[in-house]
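Report on the structure
Read off the chains here:
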Amino acid sequence: MSTKPAAERLLSLDAFRGATIAGMILVNNSGDYANTWWPLLHQPWHGWTPTDLVFPFFLWMAGMSLVFSRRIGFRAALWRSVKLVLFGLLVNFTTGGFTLPLRWAGVLQRIGLCYLAAWAARRLLSPRGQAVLAALLLVGYWAAMKHLVGPEGLAPGLEPQTNLSAQVDRIVLSGHLYRWTKTWDPEGVLSTFPAIATALLGLLAGEWLRSSREPRAKAAGFVAGGLAFFVLGVLWGEAAPSRLLCPVNKNLWSPSFVLLTAGLAAALFGLTWWLVDVRGGRAWTGPFVTYGRNAIAVYVGSEVLSGAWGTIGWATAAGEVRTLQERIHQIAFASWLPPTLAAFAFALANVVLWWAVARAMDRRGIYLKV
């Protein structure tokens, strides 16, 4: 924890990060998932929704941030990675109902591992080498998923229970898998490798932004290049020959998903950078910058609170056990709003609550550093 003023920062990156964290809190805190508006739900398997963009956007920005951060040595980078993993385990403990065994994988764990890999790539490789590594990770992962027989002897395929990544998870993470899937993990072992490519593409985007090119050329490059990657991801996921087809899939973190999400992140960030840092349109950025300056603190805090009030429960007069979260949702929103709107209002109230927390920290110069 730091009480020193934040160093000079790229305002557009803080705003973009803050908008992403606000989106993450919105989609993670529906009052009633049975009545949640579909864009605020993850796609169950192949395909994508706006919700599926949140995590890869944050991972892409983790790579970009390395370019604008103070250079640090291996021990400091490793300690940052370890702290992210530890925060992730804390989140898993609370959202898992404060019970054991503990899920090992998770969002922050993946960010920590990808951060360390991106740090090493920036330290050891040129931008061209980073691009080659990203390509090798994507092609190698896809080749393995399509052609390798798994350790359980199951034929190659992309079905939820039988794909190579799921087989590896059941062996490496046995007893510590995601409680909702039970037999595989959406942040599992093999799918972390293409996730590293997402961070590397963010790293390359940061190098592009830091180059000596004119601002108009940089912004155009972000938008045009990002849209090209997006289209390539869509075509690879939907229009390629069957033997080459690579469906867009967040749970598998498929290569087409990497291209699609990194492309959208680049295009949207390029527009944000042009509007905020080049054109000076900063009036709308305040709430998002507030979020962006304490992104990890807000995310961890929101997940811990969600886990706590989703675990605390007691019986109603009719003998039905209802959690604190369900009671708040019912009293504050579901008692007078239609079901879908009530679920959304509960989530939006969480966004406002955590903005207020981030604002209070920002006003006092308190920033959680990892």
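Residues numbered from 1 in each chain as written. Predicted model: local features only at pLDDT ≥ 70, side-chain atom pairs only at ≥ 80, totals over all residues. Heavy atoms only, no water.

Okay, the environment of L227 next. One can find L227 in helix 8 (residues 215-238). Taking the C-alpha atoms as reference, L227 lies 9.8 Å from L259; in sequence the two are 32 residues apart. Not counting residues up to four positions away in its chain, the partners in contact with L227 are G263 and A267. (Helix = DSSP H or I, 4+ residues; strand = E, 2+ residues; numbered from the N terminus. Contact = heavy atoms within 4.5 Å.)

What follows concerns the packing of aromatic side chains. Taken as a whole, this structure holds 14 aromatic pairs when the rule is applied. Ring geometry for W309 versus F346: centroids 5.7 Å apart, planes at 50°, classification tilted. Remark: F346 occurs in helix 13 (residues 339-363) and W309 occurs in helix 11 (residues 295-311); sequence separation between them is 37 residues. Residue F346 is classed as buried on the basis of its relative accessible area of 2%. Aromatic side chains F333 and F346 sit 6.2 Å apart centroid to centroid with 90° between the ring planes, which places their arrangement in the edge-to-face category. Of this pair, F333 sits in helix 12 (residues 324-334) while F346 sits in helix 13, placing them 13 residues apart in sequence. (Phe/Tyr/Trp six-rings, centres within 6.5 Å; stacked < 30°, edge-to-face > 60°. Buried < 20%, exposed > 50% of the residue type's maximum accessible area, 1.4 Å probe, protein only.)

By the definition in use, this model includes nine salt bridges. The partner of R170 in a salt bridge is E152, with the nearest N and O atoms 2.8 Å apart. Here R170 is found in helix 6 (residues 164-172), whereas its partner E152 is found in the loop between helix 5 (127-147) and helix 6, with 18 residues between them in sequence. The closest approach of N and O atoms between D362 and R293, which form a salt bridge, is 3.5 Å. A residue pair is termed long-range when its members are at least 10 positions apart, and D362 in helix 13 and R293 in helix 10 (residues 286-293) qualify at 69 residues. Overall, the relative accessible area of 28% leaves R293 in the partly exposed class. Here the salt bridges do not stand alone but share partners, grouping R103, D185, E187 and K250 into one network. (Salt bridge = Lys/Arg side-chain N within 4 Å of Asp/Glu carboxyl O.)

Bringing the packing of helix 2 (residues 54-68) against helix 9 (residues 255-278) into the picture now. Here helix 2 crosses helix 9 at 65°, and the two axes come no closer than 9 Å. Classified by the interaxial angle, the pair formed by helix 2 and helix 9 is roughly perpendicular. As for how helix 2 packs across helix 9, the hand of that crossing is right-handed. Contacts from P56, F57, W60 and M64 in helix 2 reach F257, T261, A262, L264, A265, A266, L268 and F269 in helix 9. Its residues placed into classes, the contact of helix 2 with helix 9 shows eleven nonpolar, one polar and no charged. (Axes fitted to C-alpha atoms, helices over the stretch in contact; angles between N-to-C directions. Parallel < 35°, antiparallel > 145°, perpendicular 65-115°, else oblique. Left-handed = near helix turned anticlockwise from the far one by under 90°. Nonpolar A, V, L, I, M, F, W, Y, C, P; charged D, E, K, R; others polar.)

Without other data, these values stay purely geometric and don't point to any function.
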